[in-house]
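# Coordinate analysis (summary)
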Amino acid sequence: MLHVIKQLHVTQGRGSGVGGRKLALAAVALQDHIIRSDPKLQSLCLPDYACCGPHRAQQPTVRHTHTEHRPGDEREYVLDPAPPPLTLAQRLGLVAAPRRLTAVEWTGIKSRSLQEGDSVHPCVICREEFRLQPQVLLSCSHVFHKTCLEAFECFSGRKCCPMCRREQYETRLIHDGARLYREKCTVRIQACWRGYAARKWYRNVRKRLPPNDPCLRRQFFEAKFQELNDNLVQSCAPSDVEEFLRDIDRSIASSRDIFRHFDRSRSSISEMDEEHWLQAQYKAIQRDVRDCPICLTPLSATGVRCTQARPLLLLSCSHLFHTTCLQAFERFCLDSEPTCPLCRCSYTTRPV
């Protein structure tokens, strides 16, 4: 700027007439632009000019004059106030006029900021997450808290990016940090709910399925038995406990009577006399069964293919079987007491 002024003074001395007046006008315009753009000159050289007149000089500390951000408002807008009116040097084309960024340029700056992950990391001024607090995007693609940037500008006394030291930047209110924070909170809520549902399902499974470990399995059944016992005691009123215990004693006594009757019937079957065996043999003859009920082959040796008679067994219930067939049947029923394959009664055998 000073070099341009010197050149104008040199040419002003050499020129005359209309050309000299133009050069003088250009020099005055440049001096006016320097005074308006330099705050030191405004405060020291021309104090009256800096504080009065239609063209008031811009203060060094930038104050955002846009409407205050409301919670839930997702609009993005530029926070910088309208640029000051053009100086005479800017109108004459001697100095480049300030230019506002377009929407397309802001889109490119925001995409570069998202690629660098500035909204994911904490604010570099206060070192805290953005969360739902308003944040601003600078034209140099750096992101800060709105309040932190205002405090930094007020403390430093000039408009300079805290990261790259770029001056005369533009700011835009964005909500990327709030969106990322809501997504993070949503993921945490979902994870908490899924963990609660999984733990609840696992507790229900543990109540129904016993574990495979022997110690844990024993504890599981002990707890089950204790739970059944507690429920049984709680289901009985305090006045009916004695009656409940008497009912249990009566049921146990009846069960013992049934087992005694069964033992007597088995002993009577094992002590069958000759007369009872004759009656069973007579019933078998009257029934006229020719085939073994197990193997379905003839009991006697009559026929072309039967060359040798197989031994027979008469049961106390008057049924006839091959000896080998009945023994195989008894081996098959080794886990429980064998009964007659036809009438399901306890028996004693006698060879025929």
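Residues numbered from 1 in each chain as written. Predicted model: local features only at pLDDT ≥ 70, side-chain atom pairs only at ≥ 80, totals over all residues. Heavy atoms only, no water.

## Comments concerning the pattern of salt bridges
- Taken as a whole and judged by the stated rule, the model has ten salt bridges.
- One salt bridge in this structure joins Arg179 and Glu183, with 3.5 Å as the shortest N-O distance. Of the two residues, Arg179 and Glu183 both sit in helix H8 (residues 176-208), four residues apart, roughly one turn of that helix.
- By relative accessible area, which is 34% here, Arg179 ends up partly exposed.
- Linked through salt bridges whose partners overlap, the residues forming this network are Lys110, Asp176, Arg179 and Glu183. (Salt bridge = Lys/Arg side-chain N within 4 Å of Asp/Glu carboxyl O. Helix = DSSP H or I, 4+ residues; strand = E, 2+ residues; numbered from the N terminus. Buried < 20%, exposed > 50% of the residue type's maximum accessible area, 1.4 Å probe, protein only.)

## Description of the confidence of the model for the protein chain
- Looking at the protein chain as a whole, its pLDDT mean stands at 76, while 70% of the residues score no less than 70.
- Low confidence marks residues 44-67, where pLDDT is under 50. Its contacts with residues over four positions away, or in another chain, come to 38 contacts.
- Across residues 303-307, where pLDDT falls below 50, the model places three contacts with residues more than four positions away in sequence or in other chains. (pLDDT = per-residue confidence, 0-100. Contact = heavy atoms within 4.5 Å.)

## A look at helix H12 (residues 323-332)
- Buried residues of H12: Thr323, Cys325, Leu326 and Phe329, and no others. Taken down its axis, H12 places every buried residue within 165 degrees of arc, on the same side.
- If you follow the buried residues of H12, they end up packed against strand S5 (312-315), strand S6 (320-322) and strand S7 (349-351). (Arc of directions from axis to C-beta.)

## Structural notes on the sheet that holds strand S3 (residues 143-145)
- Here we have four strands laid out as an open sheet, ordered S1-S4-S2-S3, and antiparallel in their pairing. Each having just a single partner strand, strand S1 (77-78) and S3 make up the two edges of the open sheet.
- Pairing between strand S2 (residues 135-138) and S3: three bridges, direction antiparallel. Across the sheet, residue Leu137 finds its bridge partner in S3, namely Val143.
- Along the sheet, helix H7 (residues 146-156) contacts S2, S3 and strand S4 (171-174); its crossing angle with S3, the most-contacted strand, is approximately 90 degrees. (Pairing = 2+ DSSP bridges. Axes fitted to C-alpha atoms, helices over the stretch in contact; angles between N-to-C directions.)

## Concerning the packing of aromatic side chains
- Enumeration over the complete set of coordinates arrives at two aromatic pairs.
- Between Trp193 and Tyr196 the ring centres are 5.5 Å apart and the planes differ by 35 degrees, which places this aromatic pair in the tilted class. Separated by three residues within a single helix, Trp193 and Tyr196 lie in helix H8, roughly one turn from each other.
- Pairing Phe220 with Phe221 gives two aromatic rings, centres 5.3 Å apart and planes at 80 degrees, and the pair type is edge-to-face.
- A cation over an aromatic ring shows up here: Lys159 above the ring of Tyr169, its NZ or CZ 5.1 Å from the ring centre. (Phe/Tyr/Trp six-rings, centres within 6.5 Å; stacked < 30°, edge-to-face > 60°. Lys NZ or Arg CZ within 6 Å of the ring centre and 35° of its normal.)

## With respect to the environment of Leu101
- Locating Leu101 in the fold gives a position in the loop between helix H5 (88-92) and helix H6 (103-116).
- Excluding residues within four positions of it along the chain, Leu101 makes contact with Trp106, Ile109, Ser139 and Glu170.

## Considering the nonpolar core
- Grouped together as the largest cluster of nonpolar side chains are 18 residues, with contacts concentrated most on Val136, Leu137, Leu138, Phe144, Leu149 and Cys161.
- At the level of secondary structure, the elements contributing two or more residues to this core comprise H6, S2, S3, H7 and S4.
- In terms of residues, this core owes the most to one element, S2, which gives three residues.
- Residue contacts for Leu138: discarding those within four places in its chain leaves Trp106, Ile109, Phe144, Leu149, Cys161, Tyr169, Glu170 and Thr171. (Core = buried A, V, L, I, M, F, W, Y, C linked by side-chain atoms within 4.5 Å.)

## What about helix H11 (residues 274-287)?
- With 14 residues, H11 extends 20 Å from end C-alpha to end C-alpha; this agrees with the ideal 20 Å at 1.5 Å per step.
- Taken together, the buried positions of H11 are Trp277, Ala280 and Ala284. Angular distribution of buried residues about the axis of H11 spans 60 degrees; they occupy a single face of the element. Among the exposed residues of H11, those oriented more than 90 degrees off its buried face are Glu275, Tyr282, Ile285 and Gln286.
- Positive backbone phi, at 55 degrees, marks Asp288, one or two positions downstream of H11. (Expected span 1.5 Å × (residues − 1).)

## Observations regarding the sheet that holds S5
- Here three strands make up an open sheet; going across it, the order is S6-S5-S7 and the pairing antiparallel. With one partner strand each, in any of the chains shown, S6 and S7 form the two edges of the open sheet. This sheet shows a mean twist of 35 degrees between the axes of neighbouring strands, independent of strand direction.
- Of the pairings in the sheet, the one linking S5 to S7 comprises three bridges and is antiparallel in character. Note on S7: the bridge partner recorded for Leu313 is Pro351.
- Each of S5, S6 and S7 is contacted by H11, which is oriented at about 110 degrees to S5, the strand it contacts most.
- Strands S5, S6 and S7 of the sheet are contacted by H12, whose axis makes an angle of about 85 degrees with S6.

## Focus on the pairing of S2
- Side chains Gln135 and Leu137 of S2 all project onto a buried face; the interleaved residues Val136 and Leu138 project onto the opposite face, where all are buried too.
- Sheet analysis places S2 next to S4, joined by four bridges and oriented antiparallel. What sits directly across from Leu137, in S4, is Arg172.

## Some words on the environment of Arg172
- Along the chain, the position of Arg172 falls in strand S4.
- Considering only alpha carbons, one finds Arg172 and Leu137, 35 residues apart in sequence, at a separation of 5.1 Å.
- Once residues within four sequence positions are removed from consideration, Arg172 is found in contact with Glu76, Tyr77, Val78, Leu79, Trp106, Gln135, Val136 and Leu137.

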